[in-house]
Amino acid sequence: MRYLKTAFCGAAFGVLCNNLLMLMLSYVMQFGYYASCLATFTEYVGGELNATALQTAAAMIAGAGIALAFSLRHRVRPVVGVAVSAASVAPAVFLLCLGTVLI
């Protein structure tokens, strides 16, 4: 139960970081509006709603994976901890990098 709570808190933190990043990006690029996802990512997945949902899910997976990796780092061997961390964060990082490359 403790790990589930940690994963949910990490997922919420991932969404928070995603929203803050997109807010800063919208401000720096002077869009004049809040872009909830990357523009070219929208074209790639076929709509703004799909892109926002996919980017938010990726941020949730990354946040939960990082939170679990930090909570497990003292309980398991270091090699296993790194493997768990990489396996949980890799899909989210891939999607975020894909969206960044498509800009």
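For the structure itself, look to the data block above.
Every value quoted in this text rests on a predicted model; they were computed, and no experiment measured them.

*Asks:* Sorry if this is basic, but what is going on with the packing of aromatic side chains here?
*Replies:* If you walk through the whole model with that rule in mind, you get one aromatic pair. Ring centres of Phe31 and Tyr33 lie 5.6 Å apart, and the angle between their planes is 20°; this geometry places the pair in the stacked category.

*Asks:* Is there a simple way to explain helix 3 (residues 48-72) in this structure?
*Replies:* Given 3.6 residues to a turn, an α-helix orients residues that are three or four positions apart in the same direction. With 25 residues, helix 3 should cover 36 Å at 1.5 Å per step; its first-to-last C-alpha distance of 36 Å lies within 8% of that length. For helix 3, the complete set of buried residues consists of Ala51, Gln55, Ala58, Ala59, Ala62, Gly63, Ala64, Gly65, Ala67, Ala69 and Ser71.

*Asks:* Looking at this model, I keep getting lost on the layout of surface pockets. Mind explaining?
*Replies:* Any empty space left between atoms is shown by rolling a water-sized probe over those atoms. Its volume calculated, the second largest pocket comes out at about 190 Å³. As for the second largest pocket, its lining consists of 15 residues, and the residues nearest its centre are Phe31, Ala35, Cys37, Leu38 and Ala39. When contributions to the lining of the second largest pocket are tallied by element, the ones reaching two or more residues are helix 1 (2-28) and helix 2 (39-45). Considering each element in turn, the lining of the second largest pocket owes the most residues, three residues, to helix 2. Looking at side-chain class alone, the lining of the second largest pocket contains 11 nonpolar, three polar and one charged residues.

*Asks:* What's the story with unusual backbone geometry in this structure? I'm lost.
*Replies:* Negative phi is the rule for most residues except glycine; trans is the rule for most peptide bonds. One non-glycine residue, Gln30, lies in positive phi territory at about 55°. Taking the relative accessible area as the measure of exposure, Gln30 reaches 70% and is therefore exposed.

*Asks:* Help me understand the packing of helix 1 against helix 3 in this model?
*Replies:* Working note: a packed helix pair is described by the angle between its axes plus the distance between those axes. The interhelical angle for the contact between helix 1 and helix 3, taken along N-to-C directions, is 130°, at an axis separation of 6 Å. Accordingly, the angle class assigned to the pair helix 1 and helix 3 is oblique. Where helix 1 crosses over helix 3, the two elements pack in a sense that is right-handed. Together, Tyr3, Thr6, Ala7, Gly10, Ala11, Gly14, Val15, Asn18 and Met22 of helix 1 and Gln55, Thr56, Ala59, Met60, Gly63, Ala64, Ala67, Leu68, Ser71 and Leu72 of helix 3 make up the contact between the two elements. Of the residues in the contact of helix 1 with helix 3, the class split is 11 nonpolar, eight polar and no charged.

*Asks:* Would you mind going over a nonpolar patch on the surface with me for this structure?
*Replies:* On the surface, Phe13, Leu16, Leu20, Leu23 and Tyr34 cluster together to form a nonpolar patch covering roughly 490 Å² of accessible area. Inspection of the secondary structure puts Leu16 in helix 1.

*Asks:* Help me understand the side chain of Asn18 in this model?
*Replies:* Secondary-structure assignment places Asn18 in helix 1. Asn18 has contacts with Gln55, Thr56 and Ala59, leaving out every residue within four places of it along the chain.

*Asks:* What am I meant to see in helix 1 here?
*Replies:* Here helix 1 spans 39 Å end to end across 27 residues, near enough to the 39 Å set by a 1.5 Å rise per residue. Where helix 1 is concerned, the buried positions are Ala7, Gly10, Ala11, Gly14, Asn18, Met22 and Ser26. Buried residues belonging to helix 1 abut helix 3. Gln30, located one to two residues past helix 1, shows a positive phi value of around 55°.

Thresholds applied
Along each chain, numbering runs from 1 in the same order as the chain's sequence is written. Per-residue local features are limited, in this predicted model, to residues with pLDDT of at least 70; the limit for side-chain atom pairs, both in listing and counting, is 80 or more; totals at the level of whole chains, interfaces and linings are taken over all residues. Working from all heavy atoms in the structure, the side-chain values ignore hydrogens and water. Put simply, two rings from Phe, Tyr or Trp (the six-membered ring, in Trp's case) pair if the centres are within 6.5 Å, and we call them stacked under 30 degrees between planes, edge-to-face over 60, tilted for the rest. Helix and strand definitions follow DSSP, with helices as H or I runs of at least four residues and strands as E runs of at least two, each counted in order from the N terminus. For a helix, the expected span equals 1.5 Å multiplied by the number of residues minus one. Exposure categories follow from relative accessible area, calculated using a 1.4 Å probe and restricted to protein chains: below 20% of the type maximum is buried, above 50% is exposed, and the middle band is partly exposed. Only protein atoms enter the 1 Å grid used here, on which a cavity is any set of points holding a 1.4 Å probe that cannot leave and a pocket is any open set flanked by protein within 12 Å on both sides along at least five of seven lines; residues with an atom within 4 Å of a point are listed as lining. Grid points are joined across faces, edges and corners, and a volume is the space filled by probe spheres set on the points. Asp, Glu, Lys and Arg are counted as charged, while Ala, Val, Leu, Ile, Met, Phe, Trp, Tyr, Cys and Pro are counted as nonpolar; the rest, among them Gly, fall into the polar class. Axis definition: a line fitted to C-alpha atoms, limited for helices to the stretch in contact. Angles are taken between N-to-C directions and run from 0 to 180 degrees. Roughly parallel here means an angle under 35 degrees, roughly antiparallel means over 145, roughly perpendicular means 65 to 115, and every remaining angle is called oblique. Left-handed describes a crossing whose near helix is turned anticlockwise from the far helix by less than a right angle; the clockwise case is right-handed. When checking whether two residues touch, look at their non-hydrogen atoms; a contact exists if any pair is within 4.5 Å. Patch membership is restricted to residues that have no salt bridge and whose relative accessible area is over 30%. Joining uses 9 Å for like charges and 5 Å for the nonpolar side chains Val, Leu, Ile, Met, Phe, Trp and Tyr. Accessible surface area values rest on a Shrake-Rupley calculation with a 1.4 Å probe, where residue burial reflects the displayed protein chains alone. For this document, the term salt bridge refers to a Lys or Arg side-chain nitrogen within 4 Å of an Asp or Glu carboxyl oxygen.

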